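Observations on chain architecture
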Amino acid sequence: MNQADSEWLREGSGNCPRLHWSFTTDGPLVSLQFSRESGETLLADVSGGIYILDREGMVVALSRGFQRVTEVAWSDAGEGGVVVIGESRLSRLNNRLEVLWSIELPDAILAVAIDPYGQYIGVSL
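Residues numbered from 1 in each chain as written. Predicted model: local features only at pLDDT ≥ 70, side-chain atom pairs only at ≥ 80, totals over all residues. Heavy atoms only, no water.

Some points on the pattern of salt bridges
On inspection of all chains with the given rule, the structure shows 4 salt bridges. As a salt-bridge pair, Arg-89 and Glu-104 come within 3.2 Å of each other at their nearest N and O atoms. Taken together, the residues span a long stretch of sequence, with Arg-89 in strand 7 (residues 89-93) and Glu-104 in strand 8 (residues 99-104) at a distance of 15 residues. Judged by relative accessible area, Arg-89 falls into the partly exposed class, the value being 32%. (Salt bridge = Lys/Arg side-chain N within 4 Å of Asp/Glu carboxyl O. Helix = DSSP H or I, 4+ residues; strand = E, 2+ residues; numbered from the N terminus. Buried < 20%, exposed > 50% of the residue type's maximum accessible area, 1.4 Å probe, protein only.)

Right under this line is the structure:
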């Protein structure tokens, strides 16, 4: 048992957490989303990288073409999501990180959300 485990036993409750996998993005993290149905993890960084990782932390899809990503919303089913680029551009992505459509909105986007199956998108201006 190492020092961290013994501290957890003294101060924490339940089982001591274990590291299953780790991943490092190319730049500082902008968004981290978890798809509860598919078990995939979506990461976006300031360098324009968007990554989809499977349950084992392996890269399933990667795109480095999204500059100025400010927010991401990803569906629980892993069927796709939306990404906010800059202040007011919204792009819809499929599960291979391909752009399905984009729209420039008249005001700055404050927040985005997507339903669990990726069918409905909510945008706050």
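Okay, back to it.
Observations regarding the sheet that holds strand 8
Pairing in this open sheet of 4 strands is antiparallel, and the strands run 5-6-7-8 from one edge to the other. Edge strands, defined here as strands with exactly one partner in the open sheet, are strand 5 (69-74) and strand 8. This sheet shows a mean twist of 15° between the axes of neighbouring strands, independent of strand direction. By the bridge criterion, 5 bridges tie strand 6 (residues 81-85) to strand 7 in an arrangement that is antiparallel. When the sheet's bridge partners are listed, Ile-85 is paired in strand 7 with Arg-89. (Pairing = 2+ DSSP bridges. Axes fitted to C-alpha atoms, helices over the stretch in contact; angles between N-to-C directions.)

What about a nonpolar patch on the surface?
A contiguous nonpolar patch, built from Leu-100, Trp-101 and Ile-103 and spanning about 290 Å² of accessible area, is present on the exposed surface. Tracing the backbone through its elements, the reader meets Leu-100 in strand 8. (Patch = residues over 30% accessible without salt bridge, like charges linked within 9 Å, V, L, I, M, F, W, Y side chains within 5 Å. Areas by Shrake-Rupley, 256 points an atom, 1.4 Å probe, with all protein chains shown as cover.)

Details of the packing of aromatic side chains
In total, this model carries 1 aromatic pair according to the counting rule given. An angle of 70° between the planes, with centres 5.3 Å apart, marks the rings of Phe-23 and Tyr-51 as edge-to-face. Here Phe-23 is found in the loop between helix 1 (3-11) and strand 1 (29-34), whereas its partner Tyr-51 is found in strand 3 (residues 50-53), with 28 residues between them in sequence. By relative accessible area, which is 2% here, Tyr-51 ends up buried. (Phe/Tyr/Trp six-rings, centres within 6.5 Å; stacked < 30°, edge-to-face > 60°.)

Some remarks on unusual backbone geometry
Backbone geometry at Arg-68 places phi at a positive 65°, although glycine is not the residue there. Looking at the secondary structure, you find Arg-68 in the loop between strand 4 (59-63) and strand 5. Overall, Arg-68 belongs to the exposed group, its relative accessible area being 58%.

Points about the environment of Glu-7
Looking at where Glu-7 falls in the secondary structure, it is placed in helix 1. Look at Glu-7 and you get partly exposed, because its relative accessible area is 35%. C-alpha of Glu-7 to C-alpha of Val-82: the two residues are 75 residues apart in sequence and 41 Å apart in space.

Some details on the nonpolar core
One finds Leu-42, Ile-50, Phe-66, Val-69, Val-83, Leu-93 and Leu-97 to be the most contacted residues of the largest nonpolar core, which totals 13 residues. For this core, the secondary structure elements donating two or more residues are strand 2 (41-45), strand 3, strand 5 and strand 6. It is strand 5 that provides the largest number of residues to this core, a total of 3 residues. Ignoring any residue separated from it by four or fewer positions in sequence, one finds Val-69 in contact with Val-30, Ala-44, Ile-50, Val-83 and Val-84. (Core = buried A, V, L, I, M, F, W, Y, C linked by side-chain atoms within 4.5 Å. Contact = heavy atoms within 4.5 Å.)

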